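Residue strings, one per chain:
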Amino acid sequence: MFEPVSCTYTYLLGDRETREAVLIDPVLETAPRDAQLVKELGLRLLYAVNTHCHADHITGSGALRSLLPGCQSVISRLSGAQADLHIEDGDSIRFGRFALETRASPGHTPGCVTFVLNDHSMAFTGDALLIRGCGRTDFQQGCAKTLYHSVHKKIFTLPGECLVYPAHDYHGLTVSTVEEERTLNPRLTLSCEEFVKLMDNLNLPKPQQIDVAVPANMRCGVQTLPS
Ligand SMILES: N[C@@H](CCC(=O)N[C@@H](CCS)C(=O)NCC(=O)O)C(=O)O
Ligand SMILES: [Fe+2]
């Protein structure tokens, strides 16, 4: 699903047999839409997971745990954000017969993770790897060198045919593959030194919602979480 203000993709994965499901990177404003879709499809949402503490929108994970009782919010421990469940590199998020493997992919933020489906057919890369691009590294303790090594070691080592689903796209693209990005990504095909120089000189305007989004996302997108 797409949220047009922040150009965010939210992904719903479910097991047809057990009906267990997970949502990746929900947005606060579209949480009711996502909850309705989950209900329409007869799914039981176990987890609303975040690839990182987003700077450009408020996460919907806190709202979804209210809209869909039984749903737990999830984010990496390294993000420093509140959630029902904290994950680390190597952890599995199970739903029905499937699982998402957590791969730490820091650099855009220190707590960024990529979720890889257990058969390695799909990778949900958050802002670590975008289609023909990557997450910026100029705020939230970003580090270009760290991001370069994360993408090369944790994403580009996946099978070439593995589908790459990013958290955002600003050009109307929806999906790529590891092989496409390994060979065609204009940033990640550079040497590490060239990549760092490019990232240090992007001079992008800061996201419009950053000052409200980051503090809210440290609390899972809601003001108070029951302990
Ligand atoms: N204009 C948008 C913000 C766009 C932006 O900064 N996107 C981030 C990802 C979300 S934190 C990014 O890393 N972009 C990389 C790039 O090369 O564009 C807004 O105001 O929300
Ligand atoms: Fe981001």
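The rules we used
- Residues numbered from 1 in each chain as written.
- Chains lettered and ligands numbered in written order.
- Predicted model: local features only at pLDDT ≥ 70, side-chain atom pairs only at ≥ 80, totals over all residues.
- Heavy atoms only, no water.
- UniProt positions renumbered as here; feature names shortened; annotations may be inferred.
- Disulfide = S-S within 2.5 Å.
- Donors = N, O, S within 2.8 Å, 3.2 Å for Na, K, Ca; no water.
- Helix = DSSP H or I, 4+ residues; strand = E, 2+ residues; numbered from the N terminus.
- Buried < 20%, exposed > 50% of the residue type's maximum accessible area, 1.4 Å probe, protein only.

As recorded in an unreviewed UniProt entry, the chain goes by Persulfide dioxygenase ETHE1, mitochondrial and comes from Cavia porcellus. Turning to the chain, the UniProt annotation filed under Catalytic activity (unreviewed entry) states: "S-sulfanylglutathione + O2 + H2O = sulfite + glutathione + 2 H(+)". Quoted verbatim from the Subunit (unreviewed entry) field of UniProt, the annotation for the chain is "Homodimer. Monomer. Interacts with TST. May interact with RELA."

Peer 1: Would you take a moment to explain the state of the cysteines for this structure?
Peer 2: As used here, a disulfide is simply a covalent bond connecting the sulfur atoms of two cysteines. On inspection of all chains with the given rule, the structure shows zero disulfides. The thiol of Cys71 is not disulfide-bonded; the next cysteine sulfur, from Cys220, is found 8.9 Å away.

Peer 1: Can you help me understand the coordination of the iron ion (ligand 2) in this one?
Peer 2: For a metal with four tetrahedral donors the ideal donor-metal-donor angle is 109.5 degrees, while six octahedral donors give ideal angles of 90 or 180 degrees. Only His52 (NE2), His108 (NE2) and Asp127 (OD) from the protein coordinate the iron ion (ligand 2), and they sit 2.0 to 2.3 Å from it. Each donor residue of the iron ion (ligand 2) belongs to the same chain, and together they define the spacing H-x55-H-x18-D. Residue His52 is found in the loop between β5 (44–49) and α2 (61–67), and its partner Asp127 is found in the loop between β11 (122–126) and β12 (129–130); the two are separated by 75 residues along the sequence. The class of His52 is buried, set by a relative accessible area of 1%.

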